[in-house]
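The chain contents come next:
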Amino acid sequence: HFMKSAHREWHGVKLMVTAGPTREKIDPVRFFTNRSSGKMGYAIAEEAAARGADVTLISGPVSLPKPQGVTLVQVESAAEMFAAVADRFQQSDIVIKAAAVADYRPKHTYEQKIKKQDGDWSVEMERTSDILKTLGKKRTHQILVGFAAETENLESNAKQKVESKRVDIIAANSITAPGSGFQGDTNELTLYTKDGDVIHIPLTSKKEAAGKLLDTAMSVYRKSKA
Ligand code: CTP
Ligand code: CA
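Residues numbered from 1 in each chain as written. Chains lettered and ligands numbered in written order. Predicted model: local features only at pLDDT ≥ 70, side-chain atom pairs only at ≥ 80, totals over all residues.

**Structural notes on the overall build of the protein**
A count of helices and strands for the protein gives six helices and twelve strands. For the protein, the C-alpha atoms occupy an extent of roughly 65 × 35 × 35 Å along the three principal directions. Out of the 226 residues in the protein, the part that is buried amounts to 38%. Within the protein, contacts between residues at least 6 apart in sequence are counted, and of these 61% link residues at least 24 apart. (Helix = DSSP H or I, 4+ residues; strand = E, 2+ residues; numbered from the N terminus. Buried ≥ 20, exposed ≤ 12 C-beta atoms within 10 Å, placed from the backbone. Contact = placed C-beta atoms within 7 Å.)

Written as structure tokens, this is what we have:
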């Protein structure tokens, strides 16, 4: 079959994908989260599985069905996502971090629902760990792909993330460009590689964008094995 032979090099490749938002609890009824739908990460996982990769999808809370043929690990918080990713990092060949991980979480989480009182309330926030940056420091053979969600200065911020996170590819995503970003079924991406290549993926379905991103990841992986 043509498609199968075209993607033969994906067979048996261990791919870990993260997707969706994280959810950072304040109390049993309240949390902080973000606008990520998980669609881009799920499209990557699904397309890679169709190509024959051995896919593990680490997902924050989303309302999407489990893609066929992937191992799904559901998490809530940034800390849970960190633990799930760290557990499976050593045995991964390629890691694609499409998740929109919270940068801050409430410093205290309460066991009981906080009752409202007269006057204002402020919640103290603390930083979460940067999962991708930690992987960048710990990597041995793994190919690392991150995303950059930006509202301005897309190119300079993305290039900076390639360096600071020590990844092979940053997929830069303008979350304000029409048809692009968090909620819809389409996306426009620009891939920045650590070798200085710039690959533009014009506005298309998230499925097709996923395929093109996987093509670039595979070419970096192939080179790393050569
Ligand atoms: N990321 C991560 N862990 C975090 C925050 C981000 O692994 N705690 C990953 C995301 O999954 C993404 C990449 O880092 O692949 C870039 O995320 P982004 O939010 O664009 O960048 P940040 O480094 O968090 O910087 P900022 O939000 O300030 O732009
Ligand atoms: Ca961030």
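**Considering the environment of Val101**
Position of Val101 among the secondary structure elements: in the loop between β6 (94–97) and β7 (104–106). The spatial distance from the C-alpha of Val101 to the C-alpha of Arg8 is 32 Å, given a sequence separation of 93 residues. Dropping the residues within four chain positions of it, Val101 is found in contact with Thr22, Ala78, Met81, Thr128 and Ile131.

**Some details on the site of ligand 1**
Taken together, the neighbourhood of ligand 1 is formed by 14 residues, with Lys97, Val101, Ile131, Leu132 and Gly146 sitting nearest. Of all elements in the fold, only α4 (131–138) and β9 (143–150) reach the threshold of two or more residues within the shell around ligand 1. Sort the elements by how many residues they give to the shell around ligand 1 and β9 lands first, with four residues. For the shell around ligand 1, the class distribution of residues is eight nonpolar, two polar and four charged. (Near = placed C-beta within 6 Å. Nonpolar A, V, L, I, M, F, W, Y, C, P; charged D, E, K, R; others polar.)

**Considering α4**
Where α4 is concerned, the buried positions are Ile131, Leu132 and Leu135. Around the axis of α4, the buried residues are gathered within 95 degrees of arc, so they sit on the same side. For α4, the elements touching its buried residues are α3 (78–89), β6 and β9. (Arc of directions from axis to C-beta.)

**Points about the confidence of the model for the protein**
Residues with a pLDDT of 70 or more make up 98% of the protein, whose mean pLDDT is 96. Interface confidence for the predicted complex, given as ipTM, is 0.99, next to a pTM of 0.96. (pLDDT = per-residue confidence, 0-100.)

**Examining unusual backbone geometry**
Residue Asn153 is not a glycine yet carries a positive backbone phi of 50 degrees. Mapped onto the elements of the fold, Asn153 is located in the loop between β9 and α5 (154–164). Positioned with a positive phi, Arg166 is a non-glycine residue whose angle comes to about 50 degrees. Mapped onto the secondary structure, Arg166 falls in the loop between α5 and β10 (169–174). In this structure Arg166 comes out as partly exposed when scored by C-beta crowding, with 17 C-beta atoms within 10 Å.

**As for the nonpolar core**
With 55 residues, the main nonpolar core has Val17, Ile44 and Ala45 as its most contacted residues. With seven residues, the top contributor of residues to this core is helix α2 (residues 39–50). Residues in contact with Ala45, not counting those within four places in the same chain, are Val17, Ala19, Val55, Leu57, Pro67 and Val70. (Core = buried A, V, L, I, M, F, W, Y, C linked by C-beta atoms within 7 Å.)

**Brief notes about the sheet that holds strand β12 (residues 198–205)**
Paired through backbone hydrogen bonds, the strands of a sheet run either parallel or antiparallel to each other. The eight strands lie next to each other as β5-β4-β1-β6-β9-β10-β11-β12, forming an open sheet whose pairing is mixed. The open sheet is flanked by β5 (71–74) and β12, the only strands paired with a single partner. Pairs of neighbouring strands in the sheet enclose a mean axial angle of 15 degrees, with direction left out of account. As paired strands, β9 and β10 are joined by six bridges and run parallel to one another. Residue pairing for β10: Val145 is matched across the bridge by Ile169. (Pairing = 2+ DSSP bridges. Axes fitted to C-alpha atoms, helices over the stretch in contact; angles between N-to-C directions.)

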